[in-house]
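Close look at the chain arrangement
Residue strings, one per chain:
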Amino acid sequence: MSLLVVGLSHRSAPVSVLERAALSADAQVKLLQDTVAAEPAAEAAVLATCNRIELYADVDKFHAGVAELSTLLAQHSGVGLEELTPYLYVHYEDRAVHHLFSVACGLDSMVVGEGQILGQIKDSLAKAQELHTAGRLLNDLFQQALRVGKRAHSETGIDRAGQSLVTFGLEQLASGTAVGAWAAGKKALVIGAGSMSSLAAATLARAGVAEIVVANRTSERAERLAEILNEGADTDVVARAVPMDAVPGELTRADVVVSCTGATGLVLTASAVASAVEGAAGGGAGAGGGAGAGWVAQPGAYGVPPAPTRAAPGGTNARSLGGPTAGSLSGAGDDENCPLDLNAVQGTAGFSVLGEAAVAGMAAAELEQHAAWVDNGIPRSHSPADEAEAIAALAAAAAAGGRIPERRRPEPVAPQPAPVLFLLDLAMPRDIDAAVHRIAGVRLVDIESLAEASADAPMAADVDQVRRIVADEVAAFGAALRAAHITPTVVALRTMAADVVASEMARLEGRLPALDDKHRSEITQTVKRVVDKLLHAPTVRVKQLAAEPGGAGYADALRTLFDLDQETVAAVSRAEDSTENTSKNRGPA
């Protein structure tokens, strides 16, 4: 077995890297084609979801395979190999099988136990079969993974350990309130009509929303999803489809928005969301669906900050910096020689030089410069010694890594109003601008915040049982694969034995030309029985031995003992692969 997987996921890489490395449908096709065209790989399959990108291949050389697959992932994802490499993981042979089976059971998902991954694995196999990049190994592997995943969900309570990403996202939006109570009577806008968007729409309908509007670039798919929702017997939701250019107007009417498209750019900008909130509050935009005045944000409207005059140190937008109110500077306007743009970050609640968010992205040297500036007597509510000591401590903490980690959004400096618009972004790369976090009255949950929330999610006791199932299935798959590896050698041996019988019977007929058909048949059957009995025990036993760990050498031993031609064995193997793949490539299990 020479199975190799190279990939990255929410466990190995930050969402910002996953977002940039996300593969479009066309990129996945090209990646598969280029992988099988590469020297080390004979088969290939890509598993690409919102929180993982994995390339599976059957390779003949481990190190060359890792180098080639890593390079191909970097080329087709658009993230440089040097940048991508620290986030990649590699699994080989049994570990690769164990990884995929764990993924199929939901053990490696952002929400443990979620079942959506099974459909994504099935789609990955179907794509590889359609492109003829899946051979015997990957066909067997992915179909077995689907069976293992189904077994885990049917034999254990893994479903209790987690739920779909959609349900988990809605729970985060509801902030501790029961989803049903939170969603009751709300108007929802679903952008996209793929599998994830359809699941979101169905979940919202069951949760009790009053209306669902579906927007999609392909109107037929949006209309079909709306029709399915209207026909649902277990809900009273009213659903309708709209074109994508109607989204601006629909935003002003919506309470909840779920977006999951395959777009490579933003579908909803912060300006668009701010204008929609403003239009909903003032009734200015209406539901006409046009991209009018409500679609263009005004600077500073509803928490959207005006354009910055200059960037803060470390590449962070100075207007995203902020901190707690304690220790605020009363002389923030006096910023001569200050490394921070204090005018850009001051607000009604003031600005704290002690807040970690205020100096996010600063290098250690810049922090020390800021400490010296503070120590020169700039007005403050804390003593110069306290201020300088705190900043020096931050500089020391940053010395190892080079800088204070940047934050996605600042700590709030003032109480935020209750949300009037709830946004759930399940796309990778993201559909909704992360700057929406700063708009008052809007709550955004995206893949990044879901990853943070899921890190603290409780694990069910059934997870241990699923792990045992995975371990058993990995052992069984490895044994079957090793046993199958020796089958061509056994077939070649029996073929050679049959040829010997046929040759000896021909010689006998030459010596006894008067032999009648009845006796000739009886002699032939007798010789065949003798040969079969002699070969039965060794061939059965060698299959058993080959199925055990380290049993791959028995095929070589068999070829040596019986002087079997290597090309004959290879021809049998190619014939078996051709027959099996012709059948399996007709469609996934």
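One can find the structure itself at the top, above this paragraph.
What counts and how
- Residues numbered from 1 in each chain as written.
- Predicted model: local features only at pLDDT ≥ 70, side-chain atom pairs only at ≥ 80, totals over all residues.
- Heavy atoms only, no water.
- Helix = DSSP H or I, 4+ residues; strand = E, 2+ residues; numbered from the N terminus.
- Buried < 20%, exposed > 50% of the residue type's maximum accessible area, 1.4 Å probe, protein only.
- Contact = heavy atoms within 4.5 Å.
- Areas by Shrake-Rupley, 256 points an atom, 1.4 Å probe, with all protein chains shown as cover.
- Pairing = 2+ DSSP bridges.
- Axes fitted to C-alpha atoms, helices over the stretch in contact; angles between N-to-C directions.
- Core = buried A, V, L, I, M, F, W, Y, C linked by side-chain atoms within 4.5 Å.
- Phe/Tyr/Trp six-rings, centres within 6.5 Å; stacked < 30°, edge-to-face > 60°.

1. Concerning the overall build of the protein
- Along its length, the protein carries 22 helices and 10 strands.
- When the 589 residues of the protein are sorted by exposure, 48% land in the buried category.
- In the protein, the proportion of contacts linking residues at least 24 apart, taken out of those at least 6 apart, comes to 73%.
- Surface summary for the protein: the accessible area is close to 26,800 Å², and the carbon and sulfur share equals 53%.

2. Quick word on the sheet that holds strand β10 (residues 442-445)
- Ordered in space as β7-β6-β5-β8-β9-β10, the six strands form an open sheet in which the pairing is parallel. Two strands close off the open sheet at either side, each with one partner strand: β7 (238-242) and β10. Taking each pair of neighbouring strands and ignoring which way they run, the sheet shows an average axis angle of 15°.
- Here four bridges tie strand β9 (residues 421-425) to β10, and the two strands are oriented parallel to one another. Within the sheet, the bridge partner assigned to Leu 421 lies in β10 and is Val 442.
- Taken strand by strand, helix α12 (residues 219-231) contacts β6 (211-215) and β7, and its axis lies near 175° from that of β7.

3. Some thoughts on the environment of Val 166
- When you line up the elements, Val 166 lands in helix α9 (residues 165-174).
- Along the backbone, Val 166 and Val 258 are 92 residues apart, and their C-alpha atoms lie at a distance of 9.1 Å.

4. What to know about the nonpolar core
- In this structure, Leu 165, Trp 182, Leu 204, Ile 212, Leu 229 and Leu 426 are the most contacted members of the largest nonpolar core, which totals 67 residues.
- Among all residues touching Leu 204, those that are not within four sequence positions of it are Leu 170, Ala 188, Val 190, Val 209, Ile 212, Val 256 and Val 258.
- Core analysis: the next-biggest nonpolar cluster, separate from the first, contains 36 residues, Leu 107, Phe 142, Ala 145 and Ile 469 among them.

5. Examining the packing of aromatic side chains
- Scanning all chains against the criterion turns up four aromatic pairs.
- Seen from their ring centres, Trp 182 and Phe 422 are 5.2 Å apart, and the 90° between their planes marks the pair as edge-to-face. Here Trp 182 is found in helix α10 (residues 179-183), whereas its partner Phe 422 is found in strand β9, with 240 residues between them in sequence. As far as the burial class goes, Trp 182 and Phe 422 line up, both buried.

6. Description of the pairing of strand β1 (residues 3-9)
- Among the seven residues in β1, seven count as buried, and that is most of the element.
- Side-chain alternation along β1 places Leu 3, Val 5, Gly 7 and Ser 9 on one buried face and Leu 4, Val 6 and Leu 8 on a second face that is also buried.
- Pairing analysis gives seven bridges linking β1 to strand β3 (residues 52-59), with the strands arranged antiparallel. If you follow Gly 7 over to β3, its bridge partner there is Glu 54.
- Here four bridges tie β1 to strand β4 (residues 89-92), and the two strands are oriented antiparallel to one another. Note on β4: the bridge partner recorded for Val 6 is Val 90.

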